[in-house]
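# Summary of structural features
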Amino acid sequence: MSVPTENIILKKTIEFSLEVIEYAERLEDLKKYVIARQLLRAGTSIGANVHEAQNAESKQDFIQKFKVAAKELEETKYWLVLCENSKSYPSCSHLSVLLIEIDKIITKIISTSKLR
C-alpha cells in the first residue's frame, strides 16, 4: 500500500508516523524505553485518527476524530519537548518541524469543518 498523495493531511501524518517510528527505534537502542513507547503511541495515533476521520459517519463524528488527533498531537509535542531538552537524547527537531505543519493543517480542518 502506498502513501496517499492526493490528501495532504493523510500524506503528512503517514510520513510523520514513519519518522516517529525511526526515532523511537533509536531511543530504544539507547535504552530510553518509556519515552520511546509514549512517543510512538501518541505520535502514530495522530495519523490513525486522521485516517479514521475519512470514514466518519457524520460531520460531528469527523470533527470529533480530528479533535482527538489534535489532542494526540499535543501529547506528542510534550514528549518531543522532553526529548529535545534532555541532554542524553538525540535531536528530534526534525519531528517538531513536521508536527508544526500537521498542527496547522488539523487546526484549519477543524475550524473550517465547524463553519460548514
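Scope of this entry: the structure provided in the associated data block.

A word on the overall build of the protein chain. Looking only at helices and strands, the protein chain has four helices and zero strands in total. Along the protein chain, helices (α) and strands (β) appear in the sequence α-α-α-α when read from the amino end. Taking 2.2 N^0.38 as the reference for a compact globule, 116 residues should give roughly 13 Å; the C-alpha atoms of the protein chain span a radius of gyration of 15 Å, in line with that estimate. For the C-alpha atoms alone, the extent of the protein chain along its principal axes is close to 45 × 30 × 20 Å. Sequence separation of at least 24 residues holds for 67% of the intrachain contacts in the protein chain that already meet a minimum separation of 6. Between the averaged position of the 17 positive side-chain charges in the protein chain and that of its 16 negative side-chain charges there is a distance of 6 Å.

Once that is clear, we can look at a negative patch on the surface. There is a patch of like negative charges on the surface, built from E22, E25, E28 and D29. Relative to the assigned elements, E25 resides in helix α1 (residues 8-29). For E25, a relative accessible area of 46% corresponds to the partly exposed category.

Here the phi dihedral of K31 falls at roughly 65°; this positive angle occurs in a residue that is not glycine. Relative to the helices and strands, K31 resides in the loop between α1 and α2 (33-53). Relative accessible area serves as the criterion here: at 61%, K31 is assigned to the exposed category.

Turning our attention to helix α3 (residues 59-85). Taking 1.5 Å of rise per residue, the 27 residues of α3 would be expected to cover 39 Å, and the 39 Å separating its terminal C-alpha atoms lies within 8% of that figure. Inspection of α3 places I63, K65, F66, A69, E72, L73, T76, W79, L80 and C83 among the buried residues, and these make up the whole buried set. At its buried positions, α3 is contacted by α1, α2 and α4 (93-115).

Evaluated as defined, the whole model comprises eight salt bridges. A salt bridge links E74 to K77; the nearest nitrogen and oxygen atoms lie 3.0 Å apart. Here E74 pairs with K77, and both are found in helix α3, just three residues apart, close to one helical turn. Note that K77 is salt-bridged to D103, the shortest N-O span being 2.9 Å. Linking K77 in helix α3 with D103 in helix α4, this pair joins segments that are 26 residues apart in sequence. Overlapping salt bridges bring together R41, E72 and E75 as one network.

On to the packing of α1 against α2, then. At a minimum axis separation of 9 Å, α1 and α2 run at an interaxial angle of 170°. What the angle tells us is that α1 and α2 run roughly antiparallel. Judged by residue contacts, I9, L10, T13, I14, F16, S17, V20, I21, Y23, A24, L27 and E28 of α1 engage Y33, I35, A36, R37, L39, L40, G43, T44, I46, G47, V50 and H51 from α2. Classifying every residue of the contact of α1 with α2 by side-chain character gives 16 nonpolar, six polar and two charged.

Okay, the packing of α3 against α4 next. Their axes nearest at 10 Å, the elements α3 and α4 cross at an angle of 160°. The orientation of α3 with respect to α4, classified from their angle, is roughly antiparallel. By crossing handedness, the relation of α3 to α4 is classed as left-handed.

So, how was this worked out
- Residues numbered from 1 in each chain as written.
- Predicted model: local features only at pLDDT ≥ 70, side-chain atom pairs only at ≥ 80, totals over all residues.
- Heavy atoms only, no water.
- Helix = DSSP H or I, 4+ residues; strand = E, 2+ residues; numbered from the N terminus.
- Rg over C-alpha atoms; globule rule 2.2 N^0.38 Å.
- Contact = heavy atoms within 4.5 Å.
- Lys, Arg positive; Asp, Glu negative; His and termini not counted.
- Charge placed at Lys NZ, Arg CZ, Asp CG, Glu CD.
- Patch = residues over 30% accessible without salt bridge, like charges linked within 9 Å, V, L, I, M, F, W, Y side chains within 5 Å.
- Areas by Shrake-Rupley, 256 points an atom, 1.4 Å probe, with all protein chains shown as cover.
- Salt bridge = Lys/Arg side-chain N within 4 Å of Asp/Glu carboxyl O.
- Buried < 20%, exposed > 50% of the residue type's maximum accessible area, 1.4 Å probe, protein only.
- Expected span 1.5 Å × (residues − 1).
- Axes fitted to C-alpha atoms, helices over the stretch in contact; angles between N-to-C directions.
- Parallel < 35°, antiparallel > 145°, perpendicular 65-115°, else oblique.
- Nonpolar A, V, L, I, M, F, W, Y, C, P; charged D, E, K, R; others polar.
- Left-handed = near helix turned anticlockwise from the far one by under 90°.

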